[in-house]
Amino acid sequence: MRDFSLLQYRSLLLDLQQAGYRFFTVAQYARSVDDAPNVSSCLPAAPDACRTAILRHDVDLLPENSVRTAQIEHDLGIRATYYFRIVPESNRPECIRRIAAMGHEIGYHYEDLSTARGNLSEAWRFFSDNLAWFRTFYPVETVCMHGAPRSGFDSRDLWKHYDYRSLGIIAEPYLDFDYSRLFYLTDTGRRWDGYKVSVRDKIPVWQDRWNEAALTWHTTSQLAAAVRSGRLPAQVLVTTHPQRWTDSFVPWMRELLLQNAKNIVKRLLV
Ligand SMILES: [Zn+2]
C-alpha cells in the first residue's frame, strides 16, 4: 500500500477503531476535560476504556482533498476537526459546507500575526473578522495556529496581548491541551517523525520525552503496527494535512518530491 494514500488513511482509522479508540472533535475533547474526569484522568498507559483519539486536519491548501478524508471518516462514523485558513487556496465555501454537513467540526487555522507582519492591533482585527467569516458556515469554537515556516512571526504570540476566549473560543490545541496526558502526532514533512524538520508544529519538552520512550514512527504502516500492538498511548491527537493524502499518482508523486525538498530547507531553519 502506498503511504499517504487515502487507502492507507482509511486503514489507519480502522486500526484505531479496532484498538478501541473513541474519536473526539477538538471542541468535544476540550469540553470532556472540563466535564468528565474519567477522560482527563486517563494517563498514557490507561485501560482500554480510556482510549481517545482526536483527528485534527489543517487545510493548508487543496480543500477538495479534505472533502475526501471527511467522507472516509463519515463513512466510518467518525467526527474530526477541520481547520481552514482564510487564504483562497484553503477558504473554499463549498468545501467548508460539505465537510460541516457531514457532522465534522470546523475551526479557524489562523496566521493573522504573520499576515499583519507583527502589528498586534491589526492582527487582532484580522483574527476577529476572519473568525466571523468562518462562523457564517459553522459555530466555530476552536482555532489552531498555521505554522507558516517561512514567516518570522509566530501567530500564537498574539495571545500574549489578546484573549481569544473573549470571542467565544474554548480551545487552541497548542495552548490549551495538557500534553502530559495527550500524545501528539503530526504528518508535517510527510512523515510521522517530522518534529525533526518542523519549525512550529511540535510540542516542546514533551517531544523529547516521547523520543526517549521510543514513541516515534516514520511511515504510516509503522504507526499502524504500533496501534495494533497497543504501543500507541491511550490519548492521542493526530494532525494531518489532507492535501498530501491522495490516491492519484501524479499529485502523490508531486507531494513526495516537494516535501523531500522542503524538509531539507526546513531542517536548515530549525
Ligand atoms: Zn497549516
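The following refers to the structure shown.

### Concerning the coordination of the zinc ion
So, point 1. Looking at the zinc ion, the protein donor atoms are Asp 60 (OD), His 109 (NE2) and His 146 (ND1), and they sit 2.1 to 2.2 Å from it.
So, point 2. One chain supplies every donor for the zinc ion, spaced along it as D-x48-H-x36-H. Pair noted here: His 109 is in strand S4 (residues 105-110) and His 146 is in the loop between strand S5 (143-145) and helix H8 (173-176), with a separation of 37 residues, a long-range link. Across this residue pair, the class does not change: His 109 and His 146 are buried.

### Structural notes on the packing of helix H4 (residues 63-75) against helix H5 (residues 93-101)
So, point 1. Contact geometry for H4 and H5: axes closest at 9 Å, N-to-C directions at 10°. Between H4 and H5, the angle falls in the class roughly parallel. Taken together, the residues of H5 that come into contact with H4 (itself represented by Pro 63, Glu 64, Ser 66, Val 67 and Ala 70) are Cys 95, Arg 98 and Ile 99.
So, point 2. Among the residues forming the contact of H4 with H5, the class breakdown is five nonpolar, one polar and two charged.

### Some words on the environment of Glu 111
So, point 1. Looking at where Glu 111 falls in the secondary structure, it is placed in the loop between S4 and helix H6 (112-115).
So, point 2. Excluding anything up to four places from it in sequence, Glu 111 contacts Arg 85, Val 87, His 146 and Ser 155.

### Points about the packing of aromatic side chains
So, point 1. In the structure shown here, the tally under the stated rule is 22 aromatic pairs.
So, point 2. Between the aromatic rings of Trp 159 and Tyr 164, the centroid separation amounts to 4.9 Å while the plane-to-plane angle is 85°, which identifies the pairing as edge-to-face. Judged on exposure class, the residue Trp 159 and its partner Tyr 164 are both buried.
So, point 3. Through a chain of ring-to-ring contacts, the aromatic side chains of Tyr 108, Tyr 110, Trp 124, Phe 127, Phe 134, Trp 159, Tyr 162 and Tyr 164 assemble into a single cluster.
So, point 4. Positioned above the aromatic ring of Trp 252, the side-chain terminus of Arg 2 is 4.7 Å from the ring centre.
So, point 5. Cation over ring: Arg 156 sits above Tyr 174, and NZ or CZ is 4.9 Å from the ring centre.

### Quick look at the pattern of salt bridges
Side-chain pairing between opposite charges can occur once the charged atoms of the two side chains come close.
So, point 1. Enumeration according to the criterion identifies 15 salt bridges in this entry.
So, point 2. One salt bridge in this structure joins Asp 154 and Arg 200, with 3.7 Å as the shortest N-O distance. In this pair, Asp 154 is assigned in the loop between S5 and H8 and Arg 200 in the loop between strand S6 (183-186) and helix H9 (206-212), connecting sequence segments 46 residues apart.
So, point 3. In this structure Arg 200 comes out as buried when scored by relative accessible area, which is 12%.
So, point 4. Arg 244 is paired through a salt bridge with Glu 255; the nearest N and O atoms lie 2.5 Å apart. In this pair, Arg 244 sits in the loop between strand S7 (235-240) and helix H11 (249-269) while Glu 255 sits in helix H11, placing the two residues eleven residues apart along the sequence.

### Section: the pairing of strand S2 (residues 52-59)
So, point 1. Along S2, eight of the eight residues are buried, which leaves the element largely enclosed by surrounding structure.
So, point 2. Note: strand S1 (residues 22-24) against S2, three bridges, orientation parallel. Within S2, the position partnered with Arg 22 by the bridge is Thr 52.
So, point 3. Bridging between S2 and S7 involves six bridges; their strand directions are parallel. By the bridge assignment for S7, Ala 53 is matched with Val 236.
So, point 4. Taken together, the four bridges between S2 and strand S3 (residues 81-84) define a ladder with parallel strand orientation. Across the sheet, the residue bridging to Val 59 is Phe 84, located in S3.

Calculation notes
- Residues numbered from 1 in each chain as written.
- Predicted model: local features only at pLDDT ≥ 70, side-chain atom pairs only at ≥ 80, totals over all residues.
- Heavy atoms only, no water.
- Donors = N, O, S within 2.8 Å, 3.2 Å for Na, K, Ca; no water.
- Helix = DSSP H or I, 4+ residues; strand = E, 2+ residues; numbered from the N terminus.
- Buried < 20%, exposed > 50% of the residue type's maximum accessible area, 1.4 Å probe, protein only.
- Axes fitted to C-alpha atoms, helices over the stretch in contact; angles between N-to-C directions.
- Parallel < 35°, antiparallel > 145°, perpendicular 65-115°, else oblique.
- Contact = heavy atoms within 4.5 Å.
- Nonpolar A, V, L, I, M, F, W, Y, C, P; charged D, E, K, R; others polar.
- Phe/Tyr/Trp six-rings, centres within 6.5 Å; stacked < 30°, edge-to-face > 60°.
- Lys NZ or Arg CZ within 6 Å of the ring centre and 35° of its normal.
- Salt bridge = Lys/Arg side-chain N within 4 Å of Asp/Glu carboxyl O.
- Pairing = 2+ DSSP bridges.

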